[in-house]
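Here is how the chains run, residue by residue.
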Amino acid sequence: MNVTKFFTSFKYAFAGIVLASKEQNFRFHLLSMIIVIIAAIFTGLSKIEWIIIVLVIAGMLSLELINSAIENMVDLATTDIHPLAKAAKDLAAGAVLIFAIASVIIAVMIFIPKWFNLS
Ligand SMILES: Nc1ncnc2c1ncn2[C@@H]1O[C@H](COP(=O)(O)OP(=O)(O)OP(=O)(O)O)[C@@H](O)[C@H]1O
């Protein structure tokens, strides 16, 4: 195993996250993540609820990075207006939207019963 190559790939992966942090959508997700973590700390979650929250946050941020990567690849492939370019970008954006909706539903299912003593 090449240790130098292994750590270099970490450097590039981290550069990707830094690059994404300049985008408005990613910053919105980062802000949401901070709010959710603060809410989770004050609400008091079980271990399994924390696991779900961590998975949802990681999934959301990862999906946003993949969406940005697809947008960049499409822009690199063509500067023309093309239905396939539109489809690629819209499909990626759709994937982000589906996960975002699921994340909100999961957050509501975890937090609301605790806040209003419904569980
Ligand atoms: N080359 C293209 N051909 C056809 N439609 C395109 C093309 N590029 C973008 N579009 C359409 O315009 C929309 C906005 O494109 P844009 O490149 O601004 O992406 P975006 O989703 O707004 O990304 P960002 O997160 O950078 O704002 C896309 O979702 C797509 O529907």
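Calculation criteria
Residues numbered from 1 in each chain as written. Predicted model: local features only at pLDDT ≥ 70, side-chain atom pairs only at ≥ 80, totals over all residues. Heavy atoms only, no water. Helix = DSSP H or I, 4+ residues; strand = E, 2+ residues; numbered from the N terminus. Rg over C-alpha atoms; globule rule 2.2 N^0.38 Å. Buried < 20%, exposed > 50% of the residue type's maximum accessible area, 1.4 Å probe, protein only. Contact = heavy atoms within 4.5 Å. Areas by Shrake-Rupley, 256 points an atom, 1.4 Å probe, with all protein chains shown as cover. Lys, Arg positive; Asp, Glu negative; His and termini not counted. Charge placed at Lys NZ, Arg CZ, Asp CG, Glu CD. Core = buried A, V, L, I, M, F, W, Y, C linked by side-chain atoms within 4.5 Å. UniProt positions renumbered as here; feature names shortened; annotations may be inferred.

Trainee: Could you clarify how one ought to interpret the overall build of the protein chain in this entry?
Mentor: Looking only at helices and strands, the protein chain has 4 helices and 0 strands in total. Ordering the α and β elements of the protein chain from the N terminus gives α-α-α-α. The C-alpha atoms of the protein chain give a radius of gyration of 18 Å, which is well past the 14 Å a tight globule of 119 residues would have. Taken along its principal axes, the extent of the C-alpha atoms in the protein chain is 55 × 45 × 25 Å. Out of the 119 residues in the protein chain, the part that is buried amounts to 18%. Counted over contacts in the protein chain with a minimum sequence separation of 6, partners at least 24 positions apart contribute 69%. Of the accessible surface of the protein chain, which amounts to about 8,800 Å², a share of 75% is contributed by carbon and sulfur atoms. Between the averaged position of the 8 positive side-chain charges in the protein chain and that of its 7 negative side-chain charges there is a distance of 11 Å.

Trainee: I would appreciate a short explanation of the nonpolar core in the present structure.
Mentor: Generally speaking, nonpolar side chains in soluble globular proteins are found buried as a group. One finds Ala-20, Phe-26, Ala-40, Leu-45, Ile-53, Ile-57, Leu-61, Ile-110 and Phe-111 forming the largest nonpolar core, which totals 9 residues. Secondary structure elements with two or more residues in this core: helix H2 (24–43), helix H3 (47–77) and helix H4 (83–115). If you tally residues by element for this core, the top one is H3, at 3 residues. Those residues within four positions of Ala-20 in sequence are excluded, and the remaining contacts are Phe-26 and Leu-65.

Trainee: Where do I start with the UniProt feature "binding site: substrate" (unreviewed entry) in the protein chain in this structure?
Mentor: The positions UniProt marks with the feature "binding site: substrate" (unreviewed entry) are Glu-64. One can find Glu-64 in helix H3. A relative accessible area of 3% means that Glu-64 is categorised as buried. When residues no more than four places from it in sequence are discounted, the contact partners of Glu-64 are Asn-25, Phe-26, His-29 and Val-96.

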